[in-house]
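Residues per chain, in single letters:
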Amino acid sequence: MDTVTALQQLGFSEYEARAYAALVGEGELNGYGLAKKTGIPRANIYAVAEKLLLRGALLRIEHEGGQRYVAVPPAQLLRKLESDHHQALEAAQRTLTQKAPAHEPAPVFNLRGKELLSKGEEVIRNCQSSLLVAIQSADASVLAPALQQAAARGVRITTLCLQACDGVCGGCQGDIHRYALAPGGGTRWLVLVADQTVALVGQVGDGVAEGMTTRQQLVVELAADFVRQNLGLAAICQGLGHRLEELLPAHVLAQLNDLYPDGGFPAYLRALGGQAA
């Protein structure tokens, strides 16, 4: 990207960008010299210079032979632009917040195909402090770069490896817990909860990927609890082992078996590292 294009992206017109860039390279120039250097019509050059003066990008110097223009140092200009932009964003945030409905419902966005992992990368990139992850190796390898960057930023990542990989695959990041909770049958699950404010849940199977993402607090809490409760139960199971079933009354075990299909609660305990028979 050249200087003129970069300045245009900061809000300069093409003529303003060309004039400022020329003065940075040439030092002092009068109106005639600036027009000649930039190719800006002489009829327009003084209006362009006035706009740059108002922006704080130029200084006007009076000489015996007439006035000349000099560019404000780029570092100084960029600091001013950054400050102005920050103030404008704060003002916009204040006024938009005042106009927003008091109880605006959080939307739910459906995701299909490549959208699922693409949105997952976006959720991870925007995460600031904490990230809960439930994932399998195929999706972890795709999201690994974004997860590594989040870890490097200081995001606290807790990962539930649903595949219970024997070794380090390089995809999962942070505090990794491996338990065989994957649904099986070639289906993969993906759960992301970023900063306890946004959730993404999805599944991939039979060549079809689908899911959703939202800031609805109930969905965020349910997704976070899927990760946290499985990890909490795993800690209990590993701590108590086979004694867990001995300590639980028969009617409680019966209730738990009803809650957990595909082998009941004992199968779930084995997946979490317990010693149920």
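So, here's what we can say about the structure.

Reading the values: rules and limits
- Residues numbered from 1 in each chain as written.
- Predicted model: local features only at pLDDT ≥ 70, side-chain atom pairs only at ≥ 80, totals over all residues.
- Heavy atoms only, no water.
- Pairing = 2+ DSSP bridges.
- Helix = DSSP H or I, 4+ residues; strand = E, 2+ residues; numbered from the N terminus.
- Axes fitted to C-alpha atoms, helices over the stretch in contact; angles between N-to-C directions.
- Contact = heavy atoms within 4.5 Å.
- Core = buried A, V, L, I, M, F, W, Y, C linked by side-chain atoms within 4.5 Å.
- Buried < 20%, exposed > 50% of the residue type's maximum accessible area, 1.4 Å probe, protein only.
- Polar contact = N/O pair within 3.5 Å; in protein donor to acceptor, adjacent residues only side chain to side chain.
- Parallel < 35°, antiparallel > 145°, perpendicular 65-115°, else oblique.
- Nonpolar A, V, L, I, M, F, W, Y, C, P; charged D, E, K, R; others polar.
- Phe/Tyr/Trp six-rings, centres within 6.5 Å; stacked < 30°, edge-to-face > 60°.
- Lys NZ or Arg CZ within 6 Å of the ring centre and 35° of its normal.
- Left-handed = near helix turned anticlockwise from the far one by under 90°.

1. Notes on the sheet that holds strand S6 (residues 175-178)
Next up, step 1: Pairing is mixed in the open sheet, where seven strands are placed in the order S3-S9-S8-S7-S4-S5-S6. A single partner strand is all that each edge strand has here, and the edge strands are strand S3 (108-112) and S6. Neighbouring strand axes in the sheet, compared pairwise and without regard to direction, differ in orientation by 10 degrees on average.
Next up, step 2: Bridge count for strand S4 (residues 130-135) against strand S7 (residues 188-194) is four bridges, and the pairing is antiparallel. Paired with Leu131 across the strands is Ala194, a residue of S7.
Next up, step 3: Packing of helix H6 (residues 115-126) onto the sheet brings it into contact with S3, S4, S7, strand S8 (198-205) and strand S9 (208-214), and relative to S8 it is tilted by some 150 degrees.

2. Some points on the nonpolar core
Next up, step 1: Ranked by internal contacts, the top residues of the largest apolar core, which has 26 residues, are Ile124 and Leu131.
Next up, step 2: Considering each element in turn, this core owes the most residues, five residues, to helix H7 (residues 137-152).
Next up, step 3: Not counting the four nearest positions on each side in its chain, Leu131 is found in contact with Ile124, Leu147, Val155, Arg156, Ile157, Thr158, Val193 and Ala194.
Next up, step 4: In this structure, Leu7, Phe12, Ile45 and Leu52 belong to the second largest nonpolar core, which totals 22 residues.

3. Remarks on helix H3 (residues 31-38)
Next up, step 1: Along H3, the positions that sit buried rather than exposed are Gly31, Gly33, Leu34, Ala35 and Thr38.
Next up, step 2: For H3, the elements touching its buried residues are helix H2 (14-26), helix H4 (42-55) and strand S2 (66-71).
Next up, step 3: Its side-chain oxygen 3.3 Å from the backbone nitrogen of Tyr32, Asn30 forms the N-cap of H3.
Next up, step 4: Count one or two residues on from H3 and you reach Gly39, which has phi positive near 80 degrees.

4. Brief notes about the packing of H3 against H4
Next up, step 1: Relative to each other, H3 and H4 sit at 110 degrees, their axes nearing to 9 Å. Here H3 lies roughly perpendicular to H4, going by the angle between them. Across the interface between the two elements, Gly31, Tyr32, Leu34, Ala35 and Thr38 from H3 touch Arg42, Ile45 and Tyr46 from H4.
Next up, step 2: Residue composition of the contact of H3 with H4, by class: five nonpolar, two polar and one charged.

5. Some points on the side chain of Thr158
Next up, step 1: Assignment of secondary structure puts Thr158 in strand S5 (residues 156-161).
Next up, step 2: Relative accessible area serves as the criterion here: at 18%, Thr158 is assigned to the buried category.
Next up, step 3: Setting aside chain neighbours within four positions, we find Thr158 in contact with Leu131, Leu132, Val133, Asp175, His177 and Leu231.

6. A look at the packing of aromatic side chains
Next up, step 1: Applying the stated criterion to the full structure yields two aromatic pairs.
Next up, step 2: Considering the side-chain rings of Trp189 and Phe226, the 6.2 Å spacing of their centres and the 75 degrees angle between planes classify their relative orientation as edge-to-face. Placement of Trp189 in strand S7 and of Phe226 in helix H8 (residues 217-240) is noted, with a sequence separation of 37 residues between them.
Next up, step 3: For Trp189, a relative accessible area of 29% puts it in the partly exposed group.
Next up, step 4: The ring of Phe12 is capped by Arg55, whose NZ or CZ atom sits 4.4 Å from the centre of that ring.

7. Quick word on the packing of H6 against H7
Next up, step 1: Running from N to C, H6 and H7 point in directions that differ by 20 degrees, and their axes come no closer than 9 Å. Compared by their axis directions, H6 and H7 come out roughly parallel. Considering the relative orientation of H6 and H7, their crossing is right-handed. Contacts between H6 and H7 involve Leu117, Gly120, Glu121 and Ile124 on the former and, on the latter, Asp139, Val142, Leu143, Ala146, Leu147 and Ala150.

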